[in-house]
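Observations on the model geometry
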Amino acid sequence: MKRLIWIGLIMLTLAVVAAQCGTTLQSGANTDSNQAAQNAAQAAAEENAVETAQESVVEDTEETVTENTAETVAENVEETVVEDTAETVIEDTEEAVAENPEEAVTEDAEETAEDVAVEESEEAVAETDNVAQQETTEEVTAEQEALAGAGDHPANCDDPFAGVERVRFPHEVWNAERIARFVGSDLVDPDSDLATNFCQHSVDYSEIISGGPPPDGIPPIDNPNFDSIAQGDAWLADVQPVIALAVGDEAKAYPLAILTRHEIANDEIAGIPVAVTFCPLCNAGIVFKREVDDQVLRFGVSGNLRNSDLIMWDNKTLSWWQQFTGEAIVGEMTGTQLEMLPAQMVAWKDFKDAYPNGQVLSNNGRNYGLNPYTGYDSSTQPFLFLGTPDSRLQATERVLGYFAGDTAVAYPLSLIAEKGVIEDTIDDRDVVIFYEPGQVSALDQSVIEASKEVGSAGMFILEVDGQMLTFSYDDGIITDSETGSEWDVFGRAISGELEGAQLEPILSHTHFWFAWAAFRPDTKLYEG
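A brief report on the enclosed structure follows. The numbering scheme is per chain: residues are counted from 1 as the chain's sequence reads. Only residues with pLDDT of at least 70 are given local features in this predicted model, and only at 80 or more are side-chain atom pairs given and counted; all residues enter the totals for whole chains, interfaces and linings. Calculation of side-chain values draws on the structure's entire complement of heavy atoms; hydrogens and water are dropped beforehand.

**Description of the packing of aromatic side chains**
Where we set the bar: Note on aromatic pairs: the rings of Phe, Tyr and Trp (six-membered ring only in Trp) are paired at centre separations within 6.5 Å, and the planes decide the class, stacked below 30 degrees, edge-to-face beyond 60, tilted for the rest. Under the DSSP-based scheme used, a helix requires at least four consecutive residues in state H or I and a strand at least two consecutive residues in state E, with every element numbered from the N terminus. A simple rule labels every residue: compare its accessible area, found with a 1.4 Å probe on the protein chains alone, to the largest value its type can have, and call it buried under 20%, exposed over 50%, or partly exposed in between. Two conditions define a charge located above a ring, namely a distance within 6 Å from the ring centre to NZ of Lys or CZ of Arg, and an angle within 35 degrees of the ring normal.
If you walk through the whole model with that rule in mind, you get 25 aromatic pairs. Relative to Phe198, the ring of Phe161 lies with its centre 5.6 Å away and its plane at 50°, an arrangement referred to as tilted. With Phe161 in the loop between helix 6 (142-148) and helix 7 (176-183) and Phe198 in the loop between helix 7 and strand 1 (208-210), the pair connects residues that are 37 residues apart, well separated along the chain. Here Phe198 falls in the buried class, since its relative accessible area comes to 0%. Members of the aromatic cluster, connected to one another through ring pairs, are Phe161, Phe169, Trp174, Phe198, Tyr205, Trp313 and Trp320. The lysine or arginine in question, Arg520, covers the ring of Trp516, its NZ or CZ lying 5.8 Å from the ring centre.

**Focus: the pattern of salt bridges**
What counts here: A side-chain nitrogen of Lys or Arg and a carboxyl oxygen of Asp or Glu constitute a salt bridge if their distance falls within 4 Å.
Following the criterion strictly, the structure yields 13 salt bridges and no others. Across the pair Lys352 and Asp238 runs a salt bridge, and its minimum N-O distance is 2.7 Å. Residue Lys352 is found in helix 10 (residues 348-354), and its partner Asp238 is found in the loop between helix 8 (229-233) and strand 4 (241-247); the two are separated by 114 residues along the sequence. Exposure remark for Asp238: the relative accessible area of 35% places this residue in the partly exposed category. Arg392 is the salt-bridge partner of Asp390, the closest N and O atoms lying 3.1 Å from each other. Exposure remark for Asp390: the relative accessible area of 22% places this residue in the partly exposed category. Classification of Arg392 by relative accessible area gives partly exposed; the value is 38%. Connected through salt bridges with shared partners, the residues Asp216, Asp222 and Arg298 form a single ionic network.

**Comments concerning the side chain of Asn283**
Under the convention used in this document: Contacts are residue-level and defined by heavy atoms, with any inter-residue pair within 4.5 Å sufficient.
Take Asn283: it is sitting in the loop between strand 7 (272-279) and strand 8 (284-289). The buried category is assigned to Asn283, whose relative accessible area is 2%. Non-local contacts of Asn283, meaning those with residues more than four positions away in its chain, are made with Phe278, Met345, Arg398, Leu443, Thr510, His511 and Phe512.

**Quick look at the sheet that holds strand 25 (residues 471-474)**
To keep things clear, this is the line we draw: In this scheme, strands are said to pair when DSSP sees at least two bridges between them.
One open sheet holds the 4 strands; their spatial order is 25-26-27-28, and the pairing between them is antiparallel. Each of the sheet's edge strands pairs with one partner strand only, and the pair in question is strand 25 and strand 28 (493-495). Here 2 bridges tie strand 26 (residues 477-480) to strand 27 (residues 486-487), and the two strands are oriented antiparallel to one another. If you follow Ile478 over to strand 27, its bridge partner there is Trp487.

**Some thoughts on the sheet that holds strand 6 (residues 264-269)**
Paired through their backbone hydrogen bonds, the strands of a sheet run either parallel or antiparallel. Ordered in space as 2-6-7-8-15, the 5 strands form an open sheet in which the pairing is mixed. Both edges of this open sheet fall to strand 2 (221-222) and strand 15 (340-341), since each of them pairs with a single strand only.

**A word on the nonpolar core**
Counted only if it meets this: Residues enter a nonpolar core if they are buried and are Ala, Val, Leu, Ile, Met, Phe, Trp, Tyr or Cys, with the set joined through side-chain atoms within 4.5 Å.
Grouped together as the largest cluster of nonpolar side chains are 79 residues, with contacts concentrated most on Ile243, Leu245, Tyr254, Val276 and Phe351. In terms of residue count, the dominant contributor to this core is helix 12 (residues 513-519) (6 residues). When sequence neighbours within four positions are dropped, the list of residues in contact with Leu245 reads Glu250, Ala251, Lys252, Tyr254, Ile269, Val274, Val276, Val287, Leu341, Pro342 and Ala343. The next biggest cluster of nonpolar side chains, apart from the first, holds 23 residues, and it includes Ile179, Val183, Ile208 and Ile329.

See the structure below:
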């Protein structure tokens, strides 16, 4: 029964996402909780258990929907998630995982959980379209406050949470013994004295909120498998978005259809350990080197958020890392900055054309074509965002963001699409931005390939081999005025006199505006 409660938590969490976005979650997507295949006997046993949990969740949710007002429904769902996170997840779920960490949430259980969540969230959404997000996110139960404020914490100061009016995340699970129950002893040694040092932190704890799932409740991908371009074509449409990563002679594509379900892929490319990350709530796809101080870190999903953005954790120190910035914000590694690697969100077709011998993250035979965040990128109030979105742009408008030192600039993707090519000067460097149509949103329609087009963009130094170039955009084709060579969104000359030349990429990322502005409030907004 304890394992069933965790499954119920996942169902309710999915329902909250749908309610806050004003849309319904879609069923039929399979989440890969770990890389080990489940045998038939295990799947059958889990399916029977899920059916029992299903009946309980349906009864509870129907009662809530029918007996409460629209506002109360949303508040009760949020409250239930918080209570389960603080009590059930900590006290019950970890015991179920300890009994059999490889089977805690099987593929069949996840599919059933999503199916039930769809049915129940449809009822809730019908009654909660106008519920204010701010009110629901501020609901923190007395039980959670008691848990978060408890004095028994793994730290070396009297009270790391002194003066914090509300601590909105459970902290007592963050020691080796209890984390190992969630993720397995192969990742964290339960007999070690490892613990998150909450006395070391660079952000106010009031800015951090639990998103619902426990540590690695959204399972990252470890030791990922890859397929050929031809194998990827069997399930990926040309327009589907991928994170394209090229290092040396290797090139890999990571479909957002997979990363929306896992958020982190711990991988290696050209001998470099990397973490390929994607936060759906911020549309933030960022790649990091995951070697720090001669240690290769394995990153997981903490279950906590700040500015709606994923907070990661590492298995060597149990420190917490802000995905948007790559900085450790809690624990022993506080202040440490992960190195970012240039990577771009592009259409699958763009990646294939540029890297015909590249590889694509395997779907392992599962259906990843559906979007669990239907309509989210049209939301005016992002999910679990406690602040007020910067009013200069619509909250979920995409921007290409640049940040270095004291300089932050954001270029609306809609403006980049309108111009095709933008030349600018940043920090005394002449830069150029290229646009390529084709890529669709991963966070729009329920079927990703049917979603609206958003296109792709990349930023580069405006010269090659010491020669300054000027560029133009005509009918979807980028050319330079000096040689007439044609260029692609990766900054490569694909035909003409300069064929084979490569512009130097500048670290930049396509994010939702609200998140970019929250982390870079002094950013300059490019207006053309």
